[in-house]
Amino acid sequence: MNRVLALLFHQGVLDEQFLQLQQLQDESSPNFVSEVVNIYFHESEKLLKNLRGLLTEREFSDYKKMGIHLNQFMGSSSSIGAKRVRNVCVAFRAASEQNNRAGCLRALELLEHEYCYLKNKLHELFQIEQQRVLAAGVRYPMQR
């Protein structure tokens, strides 16, 4: 396990689900994890935009719709092992179930922060992995 991955586990950013995802990657699908995570990032960006849009409406009252978005975010975060993002979603949902707009706004700020941290660190992890694969593929001519 490289140092970035070890750090993410130590910080509680990722959980064992991420390792299970890695186990699904093999020679027939060498980019499986990064492809799944990139889909997660794409969908998460949409969910964050929707949550931000709901909370910035002047007459916001659709906590049920917010709960649906949060359930989607929690589920997808759980599926890739994004533990801290999922935990913030749980707290966010609790605030939305109490119709606590101020609590939802604070939770959204924290969710955006945790999501950005996760995204940056996973991009770093994938770059390191890509460099390792490229370095392993370099063949030097044999000396005679």
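Note that the structure is predicted; figures quoted are calculated from it, not measured. Per chain, residues are indexed from 1 in the order of the written sequence. In keeping with the model being predicted, local features are shown solely for residues with a pLDDT of at least 70 and side-chain atom pairs are shown and tallied solely at 80 or more, while totals for entire chains, interfaces and linings include all residues. Side-chain metrics rest on all non-hydrogen atoms present in the structure, leaving aside hydrogens and water.

*Asks:* Even after reading the chapter, I still don't get the packing of helix α1 (residues 3-10) against helix α6 (residues 101-137), so can you show me in this structure?
*Replies:* Helix packing geometry: the angle between the two helix axes and the distance between the axes. With their axes 9 Å apart at the nearest point, α1 and α6 run at an angle of 155° to one another. Between α1 and α6, the interaxial angle falls into the category roughly antiparallel. In this structure, α1 meets α6 at a crossing whose hand is left-handed. Of the residues in α6, those touching α1 at Arg3, Val4, Leu5, Leu7 and Leu8 are Tyr117, Lys121, Leu122, Glu124, Leu125 and Ile128. Among the residues making up the contact of α1 with α6, the classes are represented as eight nonpolar, no polar and three charged. Each axis is a line fitted through C-alpha atoms, and for a helix only the stretch in contact is used; angles between axes span 0 to 180 degrees, taken between their N-to-C directions. A run of H or I in DSSP becomes a helix once it reaches four residues, and a run of E becomes a strand once it reaches two; helices and strands are each numbered from the N terminus. The cut-offs work like this: below 35 degrees is roughly parallel, past 145 is roughly antiparallel, 65 to 115 is roughly perpendicular, and the gaps in between are oblique. For any pair of crossing helices, the crossing counts as left-handed if the nearer helix is rotated counterclockwise from the farther one by less than a right angle, and right-handed if it is rotated clockwise. Throughout, a residue-residue contact means that at least one pair of heavy atoms, one from each residue, lies within 4.5 Å. Only Asp, Glu, Lys and Arg are considered charged in this grouping, and only Ala, Val, Leu, Ile, Met, Phe, Trp, Tyr, Cys and Pro are considered nonpolar; every other residue, Gly among them, is considered polar.

*Asks:* I'm lost on the nonpolar core in this one. Help?
*Replies:* Buried together is how nonpolar side chains tend to be arranged in soluble globular proteins. Membership of the largest hydrophobic core comes to 38 residues, with the highest contact counts inside it found for Tyr40, Met66, Phe73, Phe92, Leu111, Leu118 and Leu122. Among the secondary structure elements, those contributing two or more residues to this core are α1, α2 (16-23), α3 (32-56), α4 (63-80), α5 (83-97) and α6. Leave out the neighbours within four places in its chain, and Phe92 touches Leu51, Leu55, Met66, Leu70, Cys104, Ala107, Leu108 and Leu111. Here, the term nonpolar core denotes a set of buried Ala, Val, Leu, Ile, Met, Phe, Trp, Tyr and Cys residues that are joined through side-chain atoms within 4.5 Å. Burial status follows relative accessibility: with a 1.4 Å probe on protein chains alone, a residue under 20% of its type maximum counts as buried, one over 50% as exposed, and anything between as partly exposed.

*Asks:* What exactly am I supposed to notice about α1 here?
*Replies:* Note that an α-helix has 3.6 residues per turn; residues three or four places apart therefore point the same way. Looking only at α1, the buried set comprises Val4, Leu5 and Leu8. Summarising the axial view, the buried residues of α1 lie within an arc of 100°, below the 170-degree limit, and thus occupy one face. Turned more than 90 degrees away from the buried face of α1, the exposed residues are Arg3 and His10. Elements in contact with the buried residues of α1: α2 and α6. Immediately beyond the C-terminal end of α1, within one or two residues, lies Gly12, with a positive phi of roughly 80°. Our arc is simply the arc of the directions from the helix axis toward the C-beta atoms.

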